[in-house]
Amino acid sequence: IEIAWYAIMILIGMLLCLVRCRKELKRKGLPEDFYDSFFLSVIPIALVGTRLWYVISCPEEFNSFFDVIGYDTVTHTINLSGLAVQGGVLFGVAWGVIYFKLIKKRYPLGLHFDLIVPCILIGQILGRWGNFFNGEVYGRLVERKAINWFIPDFIINYAARPNGISQS
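Residues numbered from 1 in each chain as written. Predicted model: local features only at pLDDT ≥ 70, side-chain atom pairs only at ≥ 80, totals over all residues. Heavy atoms only, no water.

A.B. asks: Mind showing me how you'd approach the overall build of the protein here?
C.D. replies: Looking only at helices and strands, the protein features seven helices and two strands. Of the regular secondary structure in the protein, the N- to C-terminal order runs α-α-α-β-β-α-α-α-α. Going through the 168 residues of the protein one by one, you find that 27% of them count as buried. Pairs at least 24 apart in sequence give 65% of the contacts found in the protein among residues at least 6 apart. If you sum the accessible surface of the protein, you get close to 11500 Å²; carbon and sulfur atoms cover 67% of it. (Helix = DSSP H or I, 4+ residues; strand = E, 2+ residues; numbered from the N terminus. Buried < 20%, exposed > 50% of the residue type's maximum accessible area, 1.4 Å probe, protein only. Contact = heavy atoms within 4.5 Å. Areas by Shrake-Rupley, 256 points an atom, 1.4 Å probe, with all protein chains shown as cover.)

Below is the structure:
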């Protein structure tokens, strides 16, 4: 069974963000559920942004509209491999401005930025760990002796395996 760690970690990040925002709203004496509908709406918008940014940045990977939306015409499945977090942040922030300036105008925009923007970092951190667990998104090759002094062996050994899969 294949586990999509990136998706799991991003989902955990989203839930942690909602919990954090609810806690901060309560601390400020504001309705705890104020962001619930925003979070439900921003997630698909950010997902579209991540895909669109990736498609724009790597057009050579796509031959048809079906490739762009990740639809496999043979197996009739959707596989959205290829997402770029910058697009999600851009679309999410843009939606946040529209949402809190035009739809839910009850509190100043600055309050929402103060409460929600730190959550982007939570999602980014957990997303990177998801990439690590999936064995993807590597940087340049580093000599093992250069990192052995501060990274535990179990992490180095796991990262050395292709896609994090044990070779027996």
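A.B. asks: I keep staring at helix H1 (residues 5-27) and nothing clicks. Help me out?
C.D. replies: Given 3.6 residues per helical turn, the α-helix brings residues three or four places apart onto the same face. Under the 1.5 Å per step criterion, the end-to-end length of H1 is 32 Å for 23 residues, consistent within 8% with the ideal 33 Å. All buried positions along H1 are accounted for by Met 9, Gly 13, Cys 17, Cys 21, Glu 24 and Leu 25. Where H1 is buried, its residues touch helix H2 (36-57) and helix H5 (109-134). (Expected span 1.5 Å × (residues − 1).)

A.B. asks: How do you make sense of the packing of aromatic side chains when you look at a structure like this?
C.D. replies: Think of a pair of aromatic rings as described by two things: how far the centres are apart, and how the planes are tilted against each other in angle. Scanning the entire structure with this criterion turns up 15 aromatic pairs. Ring centres of Tyr 35 and Phe 100 lie 5.6 Å apart, and the angle between their planes is 80°; this geometry places the pair in the edge-to-face category. Linking Tyr 35 in the loop between H1 and H2 with Phe 100 in helix H4 (residues 85-103), this pair joins segments that are 65 residues apart in sequence. Judged by its relative accessible area of 1%, Tyr 35 is buried. Taking the relative accessible area as the measure of exposure, Phe 100 reaches 3% and is therefore buried. Seen in terms of ring centroids, Phe 38 and Tyr 99 are 5.2 Å apart; in terms of plane orientation they differ by 50°. Their pairing is tilted. You can see Phe 38 sitting in helix H2 and its partner Tyr 99 sitting in helix H4, a full 61 residues away along the chain. Residue Phe 38 is classed as buried on the basis of its relative accessible area of 4%. Aromatic ring contacts, followed pair by pair, group Phe 34, Tyr 35, Phe 38, Phe 39, Trp 95, Tyr 99, Phe 100 and Tyr 107 into a single cluster. Its guanidinium or amino end placed over the ring of Phe 34, Lys 104 lies 4.5 Å from that ring's centre, counting from NZ or CZ. (Phe/Tyr/Trp six-rings, centres within 6.5 Å; stacked < 30°, edge-to-face > 60°. Lys NZ or Arg CZ within 6 Å of the ring centre and 35° of its normal.)

A.B. asks: When you look at the environment of Leu 47 in this model, what are you seeing that I'm missing?
C.D. replies: With respect to the helices and strands, Leu 47 occurs in helix H2. Look at Leu 47 and you get partly exposed, because its relative accessible area is 42%. For the pair Leu 47 and Gly 87, spaced 40 residues apart in the sequence, the C-alpha separation amounts to 8.3 Å.

Keep in mind these numbers describe shape, not what the thing actually does.
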